[in-house]
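These are the residues of each chain, in order.
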Amino acid sequence: MGQKKDLTGSERSKIVRYLAEGCSSLKIAKLLKRDHQTIKRFIQNSQQGCKKRVDKLRCKITAHELRKVKCAAAKMPLATSLAIFQSCNITGVPKSTRCAILRDMAKVRKAERRPPLNKTHKLKRQDWATKYLKTDFSKVLWTDDMRVSLDGPDGWARGWIGKGQRAPVRLRRQQGGGGVLVWAGIIKDELVGPFRVEDGVKLNSQSYCQFLEDTFFKQWYRKKSASFKKNMIFMQDNAPSHASKYSTAWLARKGIKEEKLMTWPPCSPDLNPIENLWSIIKCEIYKEGKQYTSLNSVWEAVVAAARNVDGEQIKTLTESMDGRLLSVLAKKGGYIGR
């Protein structure tokens, strides 16, 4: 008995006529010499009110259309696949095909959060790059702080789940749960810290200087040689507690002043290599959507992750500064990414 994928229009008409005459599906299959399951499937679909698909969805696009899609994807960041294809007047392409085509030329990403750069910011970034172009960056201590929460970014709690498995339950906290403020520095191939800011302390000028005194100066800086202290350049961003007159005068009394205190351009987290260190640590402590139940546990995770960052990784970050400065100048003060 022959077996085909689709029934012809003539065969469908005969099936309807045979059914009206009271024939069974098995008898109809024998009369039409078709597979019994094919006949049953058609009868069941007809009873459920399934409509015949008139136009088969197209699954391929031409090379010319492909170029149009590529241009549209570049001009429409964060647009959906449907919007991109519609802007090219390309219809009839199913979502799975649209996504497969776009995966070869684009990536699904979230919008990046950046402080706005105006003309003055760009000029100051260029001036900064020009000023430090011949600096020996192995002598610069790059510092920054970051806040780590118990749950981490929501978008990171994603991953592959095997078929038949349930996704793990993720805690929801009505009051947030708080976080830990962490300070650290990197110089050449060495990690300074990390140090934990005491819970509940808001870093104003006075508390920031006291924090540096209790951690950075007493636990690390005082152990260095006089020649090291003479050549070291201290970098910090322009947070109000860092750039205030009080903090500047306090650092000057510690011997960190004038050329030993790096001036920092506004809105420039992309120029600080320690931001990349924070990314490495966060990827480690929040991998597989991990959550924490206490501030001490997330702090211990930060310490463990920082301990696993080797000197070569830190050296790669600090040695990237020459390239960053050249990129800033090439982009006329624009963002360079990280």
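Shown above is the structure to which this text applies.
Predicted model only: the values in this text are computed from it and were never measured.

Caption draft 1: Representation of the overall build of the protein chain within the structure. When you go through the protein chain residue by residue, the secondary structure sums to 15 helices and four strands. Per element, the accessible surface of the protein chain, about 21,900 Å² overall, is 51% carbon and sulfur.

Caption draft 2: Geometry of the sheet that holds strand E1 (residues 140-149). With mixed pairing, four strands are arranged side by side in an open sheet as E3-E2-E1-E4. In the strand order of this sheet, the two ends are held by strand E3 (190-196) and strand E4 (233-235), each with one partner. If you compare each strand with its neighbour and ignore which way they point, the axes differ by 20° on average. With five bridges joining them, strand E2 (residues 179-187) and E3 adopt antiparallel strand pairing. Bridged to Val182 within E3 is Arg196.

Caption draft 3: Looking closely at helix H7 (residues 119-131). With 13 residues, H7 should reach 18 Å at 1.5 Å per residue; the first-to-last C-alpha distance of 18 Å fits that figure. Considered for burial, the residues of H7 that qualify are His121, Arg125, Trp128 and Ala129. Down the axis of H7, the smallest arc covering the buried residues is 95°, so these residues share one side. Exposed residues lying more than 90 degrees from the buried face of H7 are Lys119, Asp127 and Thr130. As for H7, its buried residues are in contact with helix H15 (321-330).

Caption draft 4: Fine view of the packing of aromatic side chains. The full count for this structure, using the stated rule, is 15 aromatic pairs. When the ring of Trp183 is compared with that of Phe195, the centres are 6.1 Å apart and the planes differ by 20°; the resulting orientation is stacked. Of this pair, Trp183 sits in strand E2 while Phe195 sits in strand E3, and the two are twelve residues apart along the sequence. Both residues of the pair, Trp183 and Phe195, belong to the buried class. By the ring-pair criterion, three or more aromatic residues cluster together here, those being Trp183, Phe195, Phe211, Phe216, Phe217, Trp220, Tyr221, Phe228, Phe234 and Trp250. Over the ring of Tyr335 we find Arg125, and its NZ or CZ is 5.2 Å from the ring centre.

Caption draft 5: Structural view of unusual backbone geometry. Omega for the bond connecting Gly193 with Pro194 falls within 30 degrees of zero, at 5°, which places this linkage in the cis form. Tracing the chain through its elements places Pro194 in strand E3. Despite not being glycine, Cys267 has its phi angle at roughly 55°, a positive value.

Caption draft 6: A look at the pairing of E1. For E1, a buried count of seven out of ten residues is recorded, marking the element as mostly surrounded by other parts of the structure. When E1 meets E4, the two strands line up parallel, connected through three bridges. Paired with Trp142 across the strands is Met235, a residue of E4. Strand direction decides the pairing type here: E1 and E2, joined by eight bridges, are antiparallel.

Caption draft 7: Seen up close, the side chain of Glu11. Along the chain, Glu11 turns up in helix H1 (residues 9-20). Judged by its relative accessible area of 12%, Glu11 is buried. Non-local contacts of Glu11, meaning those with residues more than four positions away in its chain, are made with Asp6, Leu32 and Arg34.

Caption draft 8: Just the pattern of salt bridges, in detail. All chains considered together, the criterion is met by eight salt bridges. The salt bridge partner of Glu213 is Lys254, with a shortest N-O separation of 2.5 Å. Here Lys254 lies in the loop between helix H11 (245-253) and helix H12 (274-285) and Glu213 lies in helix H8 (residues 205-219), a separation of 41 residues in the sequence.

Caption draft 9: Representation of the packing of H12 against helix H13 (residues 295-307). Between H12 and H13, the least distance of the axes is 9 Å, while the angle of their chain directions is 120°. As far as their axial angle goes, H13 and H12 are oblique. In the packing of H12 onto H13, the handedness of the crossing is right-handed. The residues of H13 that touch H12, namely those facing Ile281, Glu284 and Ile285, are Ala301, Val302, Ala305 and Ala306. Residue composition of the contact of H12 with H13, by class: six nonpolar, no polar and one charged.

Caption draft 10: Local environment of the nonpolar core. Judged by nonpolar contacts, the single largest core of 38 residues is most densely connected at Trp128, Trp142, Val148, Met262, Ile281 and Ile285. Mapped onto this core, the elements with two or more residues apiece are H7, E1, E2, E4, H12, H13, helix H14 (311-318) and H15. Here this core takes six residues from H13, the largest share from any one element. Residues contacting Trp142, with those up to four places away along its chain left out, are Phe137, Ala184, Gly185, Ile186, Met235, Met262, Trp264, Asn272, Pro273, Ile274, Thr318 and Met321. Of all hydrophobic cores here, the second largest spans 22 residues; its members include Leu181, Ile187, Val197 and Phe234.

Caption draft 11: Summary view of the packing of H8 against H11. Contact geometry for H8 and H11: axes closest at 8 Å, N-to-C directions at 30°. When the axes of H8 and H11 are compared, the pair comes out roughly parallel. The hand of the H8/H11 crossing is right-handed. Along the contact surface, H8 presents Ser205, Gln206, Tyr208, Cys209, Leu212, Glu213 and Phe217, while H11 presents Tyr246, Ser247, Trp250 and Leu251.

Conventions and cut-offs
- Residues numbered from 1 in each chain as written.
- Predicted model: local features only at pLDDT ≥ 70, side-chain atom pairs only at ≥ 80, totals over all residues.
- Heavy atoms only, no water.
- Helix = DSSP H or I, 4+ residues; strand = E, 2+ residues; numbered from the N terminus.
- Areas by Shrake-Rupley, 256 points an atom, 1.4 Å probe, with all protein chains shown as cover.
- Pairing = 2+ DSSP bridges.
- Axes fitted to C-alpha atoms, helices over the stretch in contact; angles between N-to-C directions.
- Expected span 1.5 Å × (residues − 1).
- Buried < 20%, exposed > 50% of the residue type's maximum accessible area, 1.4 Å probe, protein only.
- Arc of directions from axis to C-beta.
- Contact = heavy atoms within 4.5 Å.
- Phe/Tyr/Trp six-rings, centres within 6.5 Å; stacked < 30°, edge-to-face > 60°.
- Lys NZ or Arg CZ within 6 Å of the ring centre and 35° of its normal.
- Salt bridge = Lys/Arg side-chain N within 4 Å of Asp/Glu carboxyl O.
- Parallel < 35°, antiparallel > 145°, perpendicular 65-115°, else oblique.
- Left-handed = near helix turned anticlockwise from the far one by under 90°.
- Nonpolar A, V, L, I, M, F, W, Y, C, P; charged D, E, K, R; others polar.
- Core = buried A, V, L, I, M, F, W, Y, C linked by side-chain atoms within 4.5 Å.

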